[in-house]
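# Close look at the chain arrangement
Spelled out, the chains give:
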Amino acid sequence: MLKSKNLVPKSRFLVANSVIIIVFSILLIRFFHIQVYGHNEYKIRADNNRIRAIPTAAPRGLILDRYGQILVDNYPTYILTGLPNEMDNENWNFSVISACTAIDTTILIDNFDRYFRGRFIPSRITRDLTFEQLSCIEEHKHELTGINYIQFPERSFPSGVNMSHVLGYVKEIDRSLLRNMVDFEQYDVGDLIGWQGIEKQYENQLRGTKGLAFLQVDAFGREVGTVKDINDIKPIPGKNVFTTIDLSLQKTLEKAMSSYKGIALVTDPATGQILAFVSSPDFSPDIFTGNTTLRQWREIVSDPTKPLLNRITNGLYPPGSTLKMITAIALLEGLTIEQNEELECAGIYQFGDRVFKCWKISGHGKINLDQAITQSCNIFFYQAVQRISLNRFINLCRSFGFGSKTGIDLPNELAGLLPTRDYMNRRYTSRGWSRGHLLNLALGQGDLLTTPIQLAVYINKIATKGNTFIPHFLLSKVPEPTNSINLNEQTWIYIQDYLLHAVTEKNGTGSAADPKINGTNVYGKTGTAQNPHGDDHAWFVGYAKNGNQMASTIILVENGGGGGKIAAPIARIAFEHLFNKIIENRLAVK
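Everything numeric here is computed off the predicted structure, so don't read it as measured data.

### So, the overall build of the protein
Each helix and strand in the protein was counted, giving 21 helices and 19 strands. Over its C-alpha atoms the protein spans a radius of gyration of 35 Å, topping by over 25% the 25 Å that the globule rule assigns to 590 residues. Dimensions of the protein, computed from the C-alpha atoms along their principal axes, are close to 155 × 55 × 55 Å. Per-residue burial for the protein yields a buried fraction of 49% across its 590 residues. The contacts in the protein between residues at least 6 apart in sequence include a share of 71% that link residues at least 24 apart. Each charge class in the protein can be summarised by its mean position, and for the 61 positive and 56 negative side chains these summaries are 5 Å apart.

And the structure:
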């Protein structure tokens, strides 16, 4: 058998060797790039596969009263999450969890879908797990895939008061809410955000900074331990907020108002600080922590007493006779009445074809301005108010803060209604309006509507002779002045004397507000506001002084009738509590 030599052309040999060298060179270069040059990048990728970073929630700051007593605290609760890419059999997982928690699977699935952000990000399934529920889930852990639970700081309210309209509440962020948020980059699905009250107003202070916990997982995503070479990032708690509230006074007034619809508000005219804030009825502050059943929630929403309404900043009421000082100031400043000038009150007053009545059917006889405020005579003011113009009256009301928001540090405050001449022209285009409407306005009736917080600014301006501050809750806040009112000094003296006599005189309508504490003077005005939807509302507005200490109070009892009979005694409770404490503190210092 003949054999021939396997001869390869030299050129082909060189080409083949070159190809082999180039291929191996590329492999070596790529190997060097991966193993040496790209070491850090691929190490990070590998670590991402073996290390799971779990966000740890930062506790929100506490909310405290002026003396450091806790109003809102945090307590640990547990949240169950599922990692979508590791959940092999979702239906089985949800059925096991439902058996352990007694929560319907449809609710669990709905929660899981609502908080879903991606297959590699944990999605919330349920919250507020009890120890027994956690124990059951742990017993079935080998049957579950991608299921974990984390500790979460929930809000709690240990003080024993409601203050629900002040403290507000937090809301859990879901995907739909996150999409509509302006500062969405600062939050994740499942985070808590202040939604009402102080929780919302001071969200930036109360919200902390989240941390990260690093866990090691195997190829199946199961946790196998902690990561030794990476330190966890600890969360930074939010800052505590000290409020101006006096907790003991708040408790006292919540108890005093517990059987009434209305408000009790106490402020410091010299600083604008709010010492007590009661809107009754209110609701338990933990209603939004997730522990309220659907039936309980429906009962609250449909309650005819409207416990969800913040009556102090959002309730609109006719102020009644508490507004008579506006008319008195207009008369004194306009020099349209003498201090001792007397007008006749026969119990009724006819203006055109309308008849106006005084609360005292037999009439007060001849009385002057001081006696008219002391005894709250209506007929006197029906006659006297005709000496001033509507514009003069409205402008004076505006200077005392009516018709505009006070600027209190709570969201969603209403501005009330101050009926200007333009408003009256629009409102009564068909039949017109007359001076008879001014008679109603002089007694705080008719189209005029105010919020109780506006009445607080009003009485504080009288107490400070026109120089008070915006009501606020933040203790460290630098007081912001309201617009000042410049009146003749003698006018301020007269008005304050009238208010003092209304409480201290035997026939004064506000005498029930006097706690009769040595050294304490109480100034006040009662009001009975007509209510087209039921019985009259009872008002008391006033302030008390003891040395350099001063406090004002606004009391409203809806459908309570006469302010002197029901509102003034509640004001006395506030003054007794506050000024007895002031005297005790002085004695303790001595």
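### Concerning the nonpolar core
Of all hydrophobic cores here, the largest spans 88 residues; its most connected members are F277, F380 and F400. When residues of this core are assigned to domains, at least three map to each of domain 1 (53-242) and domain 2 (247-296 + 315-589). The residues contacting F277, other than those within four sequence positions of it, are H165, V166, I245, Q250, A264, L265, N310, I312, T313, I408, L410 and F473.

### A few points about empty space enclosed by the protein
Counted according to the given criterion, the structure contains two cavities of 30 Å³ or more. Its volume calculated, the largest cavity comes out at about 40 Å³. Contributing to the lining of the largest cavity are M163, S164, H165, V166, Q250, E254, F277, V278, S279 and D282. Mapped by element, the contributors of at least two residues to the lining of the largest cavity are α6 (164-167), α10 (247-256) and β12 (274-280). Residue composition of the lining of the largest cavity, by class: four nonpolar, four polar and two charged. Three or more residues apiece are contributed to the lining of the largest cavity by two domains, here domain 1 (53-242) and domain 2 (247-296 + 315-589).

### Brief notes about the side chain of D514
Along the chain, D514 turns up in the loop between α20 (489-504) and β17 (521-529). No salt bridge forms around the buried D514; measuring N to O, its nearest opposite-charge neighbour K516 is 4.0 Å away. Here D514 is in contact with V503, T504, V522 and R572, once residues within four sequence places are set aside.

### Some remarks on the pattern of salt bridges
If you walk through the whole model with that rule in mind, you get 15 salt bridges. Here E199 makes a salt bridge to R60, at a shortest N to O gap of 3.0 Å. Of the two residues, E199 is situated in helix α8 (residues 197-201) and R60 in the loop between β1 (51-56) and β2 (63-64); the sequence distance between them amounts to 139 residues. Relative accessible area serves as the criterion here: at 7%, R60 is assigned to the buried category. A single salt-bridge network, built from bridges that share partners, covers R60, R155, E199, E203 and R207.

### Details of helix α3 (residues 90-101)
Helix length check: α3, at 12 residues, gives a terminal C-alpha distance of 16 Å against a target of 16 Å (1.5 Å per residue), a fit within 8%. Burial in α3 covers these residues: N93, F94, V96, I97, S98, C100 and T101. Phi turns positive, to about 65°, at A102, one or two residues after α3.

### A closer look at the domain arrangement of the protein
Frequently, the measure chosen for interface size is the accessible area removed from exposure when the parts meet. Here the protein is described as being made up of domain 1 (53-242) and domain 2 (247-296 + 315-589). The distance between the C-alpha centroids of domain 1 and domain 2 comes to 46 Å. Between domain 1 and domain 2, roughly 2,500 Å² of surface is buried when both sides are summed, and carbon and sulfur atoms account for 60% of that area. One can count zero salt bridges joining domain 1 with domain 2. There are 10 residue pairs in polar contact (both at pLDDT 80 or more) connecting domain 1 and domain 2.

### Concerning a nonpolar patch on the surface
Taken together, V15, V19, I20, V23, F24 and L27 make up a surface patch of nonpolar side chains, about 550 Å² in accessible area. Secondary-structure assignment places V23 in helix α1 (residues 10-37). Residue V23 is classed as partly exposed on the basis of its relative accessible area, which comes to 40%.

### Quick look at the environment of N548
Residue placement: N548 occurs in the loop between β18 (537-546) and β19 (549-557). On the basis of relative accessibility, which here comes to 80%, the residue N548 falls in the exposed class. Once the C-alpha coordinates of N548 and A270 are considered, the two residues, 278 residues apart in sequence, prove to be 9.6 Å apart.

### Focus: the state of the cysteines
Scanning the entire structure with this criterion turns up one disulfide. Here C100 is linked by a disulfide to C136, with a sulfur-sulfur distance of 2.2 Å. Taking the sign of the S-S torsion, -65° for the link of C100 and C136, the bridge is left-handed. One end of the pair, C100, is in helix α3; the other, C136, is in helix α5 (residues 131-139), and 36 residues separate them in sequence. Residue classification places C100 among the buried residues on the basis of a relative accessible area of 11%. Not part of a disulfide, C358 finds its nearest cysteine sulfur in C345, a span of 4.0 Å. On the basis of relative accessible area, C358 is assigned to the buried category, the value being 6%. Here C377 is not disulfide-linked; the sulfur of C345 is the nearest cysteine sulfur, at 3.5 Å. A relative accessible area of 0% places C377 in the buried class.

### Concerning the sheet that holds β19
Read across the sheet, five strands follow the order β12-β11-β19-β18-β17 without closing on themselves; strand pairing throughout is antiparallel. Edge positions in the sheet fall to β12 and β17, since each of these pairs with one other strand and no more. Strand-to-strand twist of the sheet, defined as the mean angle between neighbouring strand axes without regard to direction, takes the value 5°. Where β18 lies against β19, nine bridges are found, and the strand directions are antiparallel. Residue pairing in the sheet places W539 in a bridge with L556 of β19. In the packing of α20 onto the sheet, the strands contacted are β17 and β18, and the crossing angle to β17 comes to about 80°.

Scoring rules and cut-offs
- Residues numbered from 1 in each chain as written.
- Predicted model: local features only at pLDDT ≥ 70, side-chain atom pairs only at ≥ 80, totals over all residues.
- Heavy atoms only, no water.
- Helix = DSSP H or I, 4+ residues; strand = E, 2+ residues; numbered from the N terminus.
- Rg over C-alpha atoms; globule rule 2.2 N^0.38 Å.
- Buried < 20%, exposed > 50% of the residue type's maximum accessible area, 1.4 Å probe, protein only.
- Contact = heavy atoms within 4.5 Å.
- Lys, Arg positive; Asp, Glu negative; His and termini not counted.
- Charge placed at Lys NZ, Arg CZ, Asp CG, Glu CD.
- Core = buried A, V, L, I, M, F, W, Y, C linked by side-chain atoms within 4.5 Å.
- Domains from an automatic or database assignment.
- 1 Å grid on protein atoms, 1.4 Å probe; cavity = no way out; pocket = protein on both sides within 12 Å on 5 of 7 lines; lining within 4 Å.
- Points joined across faces, edges and corners; volume = space filled by probe spheres on them.
- Nonpolar A, V, L, I, M, F, W, Y, C, P; charged D, E, K, R; others polar.
- Salt bridge = Lys/Arg side-chain N within 4 Å of Asp/Glu carboxyl O.
- Expected span 1.5 Å × (residues − 1).
- Buried area = accessible area lost by both parts, 1.4 Å probe.
- Polar contact = N/O pair within 3.5 Å; in protein donor to acceptor, adjacent residues only side chain to side chain.
- Patch = residues over 30% accessible without salt bridge, like charges linked within 9 Å, V, L, I, M, F, W, Y side chains within 5 Å.
- Areas by Shrake-Rupley, 256 points an atom, 1.4 Å probe, with all protein chains shown as cover.
- Disulfide = S-S within 2.5 Å.
- Pairing = 2+ DSSP bridges.
- Axes fitted to C-alpha atoms, helices over the stretch in contact; angles between N-to-C directions.

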